[in-house]
Amino acid sequence: MKKGISSGVVNQKQQVILHIVIGLGSVVVMYPVLFCFIGSFAHGNLSFEDAKLFAWPIPFAGFSNYLKVFQNLVFVRSFIITILKVIWAFFMMVVTSVLAGYVFAKFRFFGKRFFFFTMLSSMMIPSIALLVPGFIWGRHLPLIGGNNILGQGGMGLINNPIGLVITGWVSVYNVFLCRQAFGGIDRELHESAMMDGAGFFRDVFLIHMPIIRPIIAVIFLGIFLGNWNDYLNNLIYMPYAKEWWTMGNAIVELMGVYGDPNALGGPDYPMVFAISFVSAALPILIYIIVQKQFVEGLSMGAVKG
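Criteria and thresholds
- Residue numbering note: each chain is counted from 1, following its sequence as written.
- Totals for whole chains, interfaces and linings use every residue, but because this is a predicted model, local features are given only for residues with pLDDT of at least 70 and side-chain atom pairs only at 80 or more, for both listing and counting.
- Think of the side-chain values as coming from all heavy atoms in the structure, minus any hydrogens and water.
- Only DSSP runs of H or I reaching four residues or more are called helices, and only runs of E reaching two or more are called strands; each is numbered from the N terminus.
- Think of it in three bands: residues with accessible area under 20% of the maximum for their type are buried, residues over 50% are exposed, and the middle band is partly exposed, with areas taken using a 1.4 Å probe on protein chains only.
- The arc in question is traced by the directions running from the helix axis to the C-beta atoms.
- To form a nonpolar core, buried Ala, Val, Leu, Ile, Met, Phe, Trp, Tyr and Cys residues must be joined to one another through side-chain atoms within 4.5 Å.
- Pairs of residues are marked as contacts when any of their non-hydrogen atoms sit within 4.5 Å.
- Centres within 6.5 Å make a pair out of two Phe, Tyr or Trp rings, where for Trp the six-membered ring is used; the pair is then stacked when the planes are under 30 degrees apart, edge-to-face when over 60, and tilted otherwise.
- By definition here, charges over rings are those cases where NZ of Lys or CZ of Arg is within 6 Å of the ring centre and within 35 degrees of the ring normal.
- pLDDT expresses, on a scale from 0 to 100, how confident the predictor is about each individual residue.
- Grid spacing is 1 Å over the protein atoms alone, the probe is 1.4 Å, and a cavity is where that probe fits but cannot get out, while a pocket is an open set with protein on both sides within 12 Å along at least five of seven lines and lining residues have an atom within 4 Å of a point.
- Grid points are joined across faces, edges and corners, and a volume is the space filled by probe spheres set on the points.
- Each residue receives one of three labels: charged for Asp, Glu, Lys and Arg, nonpolar for Ala, Val, Leu, Ile, Met, Phe, Trp, Tyr, Cys and Pro, and polar for the others, Gly being one of them.
- Note on method: axes are straight lines fitted to C-alpha atoms, helices fitted across the in-contact stretch only, with angles between N-to-C directions ranging 0 to 180 degrees.
- Should an angle fall under 35 degrees it is called roughly parallel, over 145 degrees roughly antiparallel, and 65 to 115 degrees roughly perpendicular, with every other angle called oblique.
- Two helices that cross are described as forming a left-handed crossing if the nearer one is turned anticlockwise from the farther one by less than a right angle, and a right-handed crossing if clockwise.

(A) Structural context of the environment of glutamine 291. Tracing the backbone through its elements, the reader meets glutamine 291 in helix H13 (residues 269-300). Residues glutamine 291 and leucine 221 lie 70 residues apart in sequence; the distance between their C-alpha atoms is 9.3 Å.

(B) Fine view of helix H4 (residues 112-121). For H4, the full list of buried residues reads Lys112, Phe116 and Leu120. In a view along the axis of H4, the buried residues occupy a sector of 60°, so they form one face of it.

(C) Structural detail: the nonpolar core. Within the largest apolar cluster, 35 residues are counted, with the highest numbers of intra-cluster contacts made by Val69, Val98, Cys178, Phe182, Ile212, Ile215 and Ile219. Among the elements of the structure, helix H2 (64-71), helix H3 (73-106), helix H7 (172-183), helix H10 (213-228), helix H12 (247-258) and H13 are those that each provide at least two residues to this core. With eight residues, H10 is the single largest residue contributor to this core. In contact with valine 69, not counting residues within four places along its chain, are Phe75, Met271, Ala274, Ile275 and Val278.

(D) Representation of the side chain of threonine 246. Summarising the element assignment, threonine 246 is placed in the loop between helix H11 (232-237) and H12. We classify threonine 246 as buried; its relative accessible area is 1%.

(E) Spatial organisation of the packing of aromatic side chains. Tallied over the entire structure, the rule returns 27 aromatic pairs. With a centroid separation of 5.3 Å and 55° between ring planes, the pair formed by phenylalanine 104 and phenylalanine 116 is classed as tilted. Remark: phenylalanine 116 occurs in helix H4 and phenylalanine 104 occurs in helix H3; sequence separation between them is 12 residues. Given the relative accessible area of 5%, phenylalanine 116 is considered buried. When the centroid spacing of 5.7 Å and the interplanar angle of 70° are considered together, the rings of phenylalanine 116 and phenylalanine 117 count as edge-to-face. Sitting over the ring of phenylalanine 116, arginine 179 keeps its end group 4.5 Å from the ring centre.

(F) Region of interest: the confidence of the model for the protein chain. This prediction gives the protein chain a mean pLDDT of 82; 88% of its residues lie at or above 70. Mean pLDDT in the protein chain bottoms out at helix H1 (residues 2-39), which sits at 76, and peaks at H3, which reaches 92.

(G) Structural detail: the side chain of serine 171. As for its position among the elements, serine 171 is in the loop between helix H6 (163-166) and H7. If we ignore the near neighbours within four places in the chain, the residues touching serine 171 are Met93 and Ser97.

(H) Structural view of the layout of surface pockets. Size it by volume and the largest pocket reaches roughly 1,300 Å³. Around the largest pocket, the lining is made up of 34 residues, and of these Ser127, Thr167, Gly168, Val170 and Asn233 lie nearest the centre. Looking at the lining of the largest pocket, the elements that each hand over two or more residues are H3, helix H5 (131-139), H6, H7, H10 and H11. Looking at which element gives the most residues to the lining of the largest pocket, the answer is H10, with six residues. Its residues placed into classes, the lining of the largest pocket shows 17 nonpolar, 15 polar and two charged.

(I) Focus on the packing of H4 against H7. Interaxial distance between H4 and H7 falls to 9 Å at its minimum, and their mutual angle equals 135°. Between H4 and H7, the angle is such that the two are oblique. Regarding H4 and H7, the two cross each other, and that crossing is left-handed. Judged by residue contacts, Phe116, Met119 and Leu120 of H4 engage Val172, Val175, Phe176 and Arg179 from H7.

(J) Layout of unusual backbone geometry. Of note, leucine 143 is a non-glycine position whose phi angle comes to about 65°, a positive value. Looking at where leucine 143 falls in the secondary structure, it is placed in the loop between H5 and H6. Judged by its relative accessible area of 59%, leucine 143 falls in the exposed class. In this model, asparagine 159 sits at a positive phi of 55°, which is unusual for a non-glycine residue. Here asparagine 159 lies in the loop between H5 and H6. A relative accessible area of 26% places asparagine 159 in the partly exposed class.

(K) Up close: the packing of H3 against H12. Viewed as axis vectors pointing N to C, H3 and H12 meet at an angle of 165°, and their least axial separation amounts to 9 Å. Taken as axis vectors, H3 and H12 run roughly antiparallel relative to one another. Both H3 and H12 take part in a crossing whose hand is left-handed. Residues Val74, Phe75, Ser78, Phe79 and Thr82 of H3 form the contact with H12, whose participating residues are Met247, Ala250, Glu253 and Leu254. Tallied by class, the residues present in the contact of H3 with H12 amount to six nonpolar, two polar and one charged.

Here it is as structure tokens:
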């Protein structure tokens, strides 16, 4: 009896220590965001010497810096473009991933394992190795951006906003997650749906897809973060079409403008802090909203199949 009580006390102490360590780690990780939040309320004449490590900026400038951020046309335009791109990419990615995952999980056809493992093998290729081939493919895409049927005469997807809506429809990783999740659902559900007269698309999107909502949350979070933080693709595919840049490039450009030490009046660090906090706040908020579904989705996608 005493042994059981002592082991319980030890377990409680371990849990307390574990929570303290996790809490301190969370504070360390989140402090740069907190620092940006605090510094964003200072006046524009704040210097690095004035920005203490833990002190609240004095004098307090209110929310004027945030009003400037959301009144900036570059920020607003890039924000709208990014949100619209996320919505479109999420819709197309869900359609392709759910359909492909369902087919690989529920149907038997010749070469199924070969096609599936060939598709998975593409994940072994580093994405950086595909930048040049992707650029060449986009530059010579037939009948796009002034190109003829042979992919010559124009610029294809380069500096072309069409590239925002016709790329990024398929993700091998998301297909894999959907296939694993569908593999954990009894086949009797599919058979009963067919017996009740449900068509293929109704079976997929109205009967099976609601069961894998956590996987859909994983797909959404990946698409949102990928588009929100995207910086390299805009530089490669739209170097001279800045009006179509998404948030990743717009934030860097605005921070460079307000943080320029050679600018008239000197750098405006509070504006830089406000832009940095806004760029970090929305992804953090979305993750907090979908974190439960996200964790469940990762576990669901790990089902052996």
